[in-house]
Amino acid sequence: MKSQIHKIHQQLVNKKITCTALVQERLDLLKLNTHNTVNSILDEIALKLATKVDAKIKNGEEIGLLEGIPFGIKDVFMLQGTYATASSDLLKNYKSPYTATAIQKLLDAGAIPLVKENCDSFGHGSSSENTIFGAVKNAIDPTLVAGGSSGGSAVNVAKDFTVFSIGGDTGGSIRQPAGYNNVFGFKPTYGRISRFGLMAYASSTDCVGPIARSIEDIRIVLNVMSGKDSKDQTTNQSKSISQESIVNADDIKTVGYFKNFIENDAIDSEIKTAFLTSIAKIKAQGIQVKELDFFESETLVSAYYTLAMAETASNLSRLDGTNYGHRIEGANLKESYSITRSENFSEETKRRIVGGNQVLSQGFSDEIYLKGLNLRDQIAENFEKDFKEVDVILSPVTPNKPPKIGESLKDPLSMYLSDAFTVGFSLGQLPTITVPQGTATGLQITAAKNKDKLVLKFANFLKDTI
Ligand code: GLN
């Protein structure tokens, strides 16, 4: 797939289409869609911006590459004056008082927001069924889940309703739905893109990233959103990645993969065979392939969920109906908090708040939470050791193919285990992309911290190799 951004940019510049017609067409598709991808449509804002772009073109003014390009936003980001619901009853009527840094940078570059996209409530889930707006349906087979939590965003891109969408990835939420819907999804190194204005789930692994239909579009959007932000002290400055710098992958000599991911009983046999075939094709190109040892999937999932639940319990404690959200009055203040939270949070979100408060509580925190932190350190050390031996790590995105809609809700534990291959890279804060190739749910490419360029480079190489 060629860059959609370049293609549309040329069409606008050459006056083959007007921006208003382009935006209107995509808005109509979104409105009529039956995949439940839309939480709210931003037609007023979008059409107003499109008119401005058309006026510029008519006046013979130059337009930037992203100017007039329509995009979608997962409904956990702030965009001033629009609903930011997190797909929850609690924030169903909440409007953003400000705009997230990453989104503001896209607006400054002239991109046009069309839609706030359906997702798992507060990012809690791997299927986009934990939402008050109805389960998101898979773009390829609508009886299957879209994946999560950025399911609406991945489906909008896959169906070409948006040119690109912005998701949030805490433990796989960009990469897994990208894999389930056959598109590219990139979780950059933690801190490359500001989290300011992204509703906090687990702050230590929350990342902002693009979903698109080509590596080039991922690169363009990534460059625009990256950079240090005084409003997020965990951000750092990074170098822009040029188109030419990712064309040639000759400096990638060694690829590693985790033996225990592939030799696990839990992996679907088709995914396993397809993965090993991809590895063979890479070897055939003269690249050295090394098997690596890693933690067992259960250990990774337990460490991730221990920390993610603890952090989300803490982050969501501010949502009690006082400053934010739909307040339900009780007989006294305490009861008001209690009813507001128990009536307005979903079952899955409550499970995580209860679990998180449990692991943080006195008597348990040493036993469980500190163990989780310790494991995270060991995981990071393991990666450091690995990246002394290999340039990139390749892995399947998920152990299994997407389940039918309804199945994950019955069995939360098996849903958590579907994150087995994504959460480790989140705990390591590493740059990881999903490419829609190599297995039925794609492949993940990971490199050491801040080597985001290497990840895109290898993705380009794989495009022609497998
Ligand atoms: N599925 C994982 C979870 O529910 C990851 C979600 C995410 O990255 N937001 O925690």
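This structure is a prediction, so every number in the text was calculated from the model and none was measured. Every chain is numbered on its own, with residues counted from 1 as its sequence reads. Local features in a predicted model are, by the rule used here, given only for residues with pLDDT of at least 70; side-chain atom pairs are given and counted only at 80 or more, and totals for whole chains, interfaces and linings are based on all residues. Side-chain numbers come from the whole structure's heavy atoms, not from hydrogens or water.

S.K.: It is not clear to me how the overall build of the chain should be interpreted in this structure. Could you clarify?
M.R.: Only DSSP runs of H or I with at least four residues qualify as helices, and only runs of E with at least two residues qualify as strands; both kinds are numbered from the N terminus onward. A tally of regular secondary structure across the chain gives 17 helices and 11 strands. The globule rule used for comparison is 2.2 Å times the number of residues to the exponent 0.38, while the radius of gyration itself is calculated over C-alpha atoms. Taking 466 residues into account, the globule formula puts the C-alpha radius of gyration at 23 Å, and the chain, at 21 Å, falls close to it. In terms of principal-axis extent, the alpha carbons of the chain reach across some 70 × 65 × 45 Å. Taking all 466 residues of the chain together, the buried fraction comes to 59%. Whether two residues touch is decided by their heavy atoms; if any such pair falls within 4.5 Å, the residues are in contact. Across the chain, the fraction of contacts at a sequence separation of at least 24, relative to all contacts at a separation of at least 6, is 74%. Surface exposure here means Shrake-Rupley accessible area, sampled with a 1.4 Å probe, where a residue is shielded only by the protein chains that are shown. Of the roughly 18400 Å² of accessible surface on the chain, 50% is carried by carbon and sulfur atoms. Summary of the burial criterion: residues with accessible area below 20% of their type's maximum are buried, those above 50% are exposed, and those between are partly exposed, where the area comes from a 1.4 Å probe applied to protein chains only.

S.K.: I tried to follow unusual backbone geometry on my own but got confused; where do I start?
M.R.: Where the residue is not glycine, phi is negative for most of them; where a peptide bond is considered, it is trans in most cases. For the peptide bond that leads from glycine 148 to serine 149, omega is 10 degrees, which places it in the cis range. Relative to the elements of secondary structure, serine 149 occurs in the loop between strand E3 (112-117) and helix H5 (151-158). A positive phi angle, close to 60 degrees, is found at asparagine 36, a residue other than glycine. Mapped onto the elements of the fold, asparagine 36 is located in the loop between helix H2 (19-32) and strand E1 (38-41). Residue classification places asparagine 36 among the partly exposed positions, given a relative accessible area of 28%.

S.K.: Even after reading the chapter, I still don't get the packing of aromatic side chains, so can you show me in this structure?
M.R.: Aromatic rings in a pair are described by how distant their centres are and how their planes are angled relative to each other. Stacked, edge-to-face and tilted labels apply to pairs of Phe, Tyr and Trp rings (six-membered ring for Trp) whose centres lie within 6.5 Å, assigned for plane angles under 30 degrees, over 60, and everything in between, in that order. Applying the stated criterion to the full structure yields 18 aromatic pairs. Both rings, one in phenylalanine 71 and one in phenylalanine 164, keep their centres 5.1 Å apart while their planes meet at 5 degrees; by these two values the pair is stacked. With phenylalanine 71 in strand E2 (residues 70-74) and phenylalanine 164 in strand E4 (residues 164-169), this residue pair connects regions lying 93 residues apart in the sequence. In terms of burial, phenylalanine 71 and phenylalanine 164 fall into one category: buried. One aromatic cluster in this structure is built from Phe258, Phe261, Phe294, Phe295, Phe383, Phe387, Phe421 and Phe425. In this structure, lysine 95 packs its charged tip against the face of tyrosine 83, placed 4.9 Å from the ring centre. In this scheme, the term charge over a ring applies when either NZ of a lysine or CZ of an arginine sits within 6 Å of the ring centre and within 35 degrees of the ring normal.

S.K.: Even after reading the chapter, I still don't get the side chain of asparagine 130, so can you show me in this structure?
M.R.: Take asparagine 130: it is sitting in the loop between E3 and H5. Separated by 2.8 Å, the side chain of asparagine 130 and the backbone oxygen of histidine 124 make a polar contact. Excluding anything up to four places from it in sequence, asparagine 130 contacts Cys119, Asp120, Ser121, His124, Ser346, Glu348 and Thr349. Polar contacts, as counted here, are pairs of nitrogen or oxygen atoms within 3.5 Å of one another; within protein the pair requires one atom able to donate a hydrogen and one able to accept it, and residues that are adjacent in sequence qualify only if both atoms are side-chain atoms.

S.K.: I would appreciate a short explanation of helix H7 (residues 215-225) in the present structure.
M.R.: Judged by how many residues are buried, H7 sits mostly within the fold: 10 of 11 residues are covered. Buried within H7 we find Ile215, Glu216, Asp217, Ile218, Arg219, Ile220, Val221, Leu222, Asn223 and Met225. If you follow the buried residues of H7, they end up packed against helix H1 (4-13), helix H4 (101-108), E4, strand E5 (184-187), strand E6 (207-212) and helix H17 (452-465). In the segment just after H7, glycine 227 is the residue with positive phi, at about 130 degrees.

S.K.: In this structure, what is going on with the nonpolar core? I would like to understand it.
M.R.: One recurring pattern in soluble globular proteins is that nonpolar side chains are buried together. What makes a nonpolar core is a set of buried Ala, Val, Leu, Ile, Met, Phe, Trp, Tyr and Cys residues whose side-chain atoms join them at distances within 4.5 Å. The biggest cluster of nonpolar side chains holds 115 residues, and the ones touching the most others in it are Phe164, Ile166, Leu394, Ile445 and Phe458. The biggest single contributor to this core is helix H10 (residues 297-315), with eight residues. With sequence-adjacent residues up to four places away left out, phenylalanine 164 is seen in contact with Ile5, Leu66, Ile69, Pro70, Phe71, Gly72, Leu106, Ala111, Val157, Ile211, Ala212 and Val221. Core analysis: the second largest hydrophobic core is formed by six residues, Ala154, Ile174, Ala178 and Val183 among them.

S.K.: I tried to follow the site of the ligand on my own but got confused; where do I start?
M.R.: Contacts to the ligand come from 15 residues, most closely from Thr170, Gly171, Ser173, Tyr201 and Tyr304. Within the backbone of glycine 125, an N or O atom sits 3.0 Å from an oxygen atom of the ligand. In the complex, the protein chains occlude 99% of the 290 Å² of accessible area that the ligand would expose alone. Each residue receives one of three labels: charged for Asp, Glu, Lys and Arg, nonpolar for Ala, Val, Leu, Ile, Met, Phe, Trp, Tyr, Cys and Pro, and polar for the others, Gly being one of them. Taken together, the residues of the shell around the ligand break down into three nonpolar, nine polar and three charged. A single heavy atom is enough: if one lies within 4 Å of a molecule or strand, its residue is considered near that molecule or strand.

S.K.: Where do I start with the pairing of E4 in this structure?
M.R.: Note on strand geometry: in a regular strand, side chains alternate between the two faces of the sheet. Among the six residues that make up E4, six are buried, leaving the element largely enclosed by the rest of the structure. Strand pairing requires that DSSP identify at least two bridges connecting the strands. In the sheet, E2 pairs with E4 via three bridges, with the strands oriented parallel. Bridged to phenylalanine 71 within E4 is phenylalanine 164. The sheet contact formed by E4 and E6 spans six bridges and is antiparallel. The residue of E6 that forms the bridge with phenylalanine 164 is alanine 212.

S.K.: Which parts of the structure should I look at to understand helix H13 (residues 365-389)?
M.R.: The α-helix advances 3.6 residues per turn, and as a result positions three or four apart in sequence lie on the same side. Relative to the 36 Å expected for 25 residues at 1.5 Å per residue, H13 spans 35 Å between its end C-alpha atoms, a close match to the ideal helical length. Along its length, H13 reaches its greatest deviation from straightness, about 25 degrees, at lysine 371. Ser365, Gly372, Arg376, Ile379, Asn382, Phe383, Asp386 and Phe387 are the residues of H13 that are buried. By this rule the span expected of a helix is its residue count minus one, scaled by 1.5 Å. Axes are fitted to the seven residues ending at a residue and to the seven starting at it; the angle between these axes is taken as the bend at that residue.

S.K.: Looking at this structure, how should I read the pattern of salt bridges?
M.R.: Two side chains of opposite charge can pair, provided their charged atoms sit close to one another. We count a salt bridge whenever a side-chain nitrogen from Lys or Arg sits within 4 Å of a carboxyl oxygen from Asp or Glu. Per the stated rule, a full pass over the model turns up 21 salt bridges. Taking the shortest distance from any N to any O, the salt bridge between aspartate 169 and arginine 175 comes out at 2.9 Å. For the pair aspartate 169 and arginine 175, a shared accessibility class is recorded, and that class is buried. Between lysine 385 and aspartate 386 there is a salt bridge, with the nearest N and O atoms lying 3.8 Å from each other. Since its relative accessible area comes to 44%, lysine 385 is described here as partly exposed. By sharing partners, the salt bridges in this structure join Arg26, Asp160 and Arg213 into a single network.

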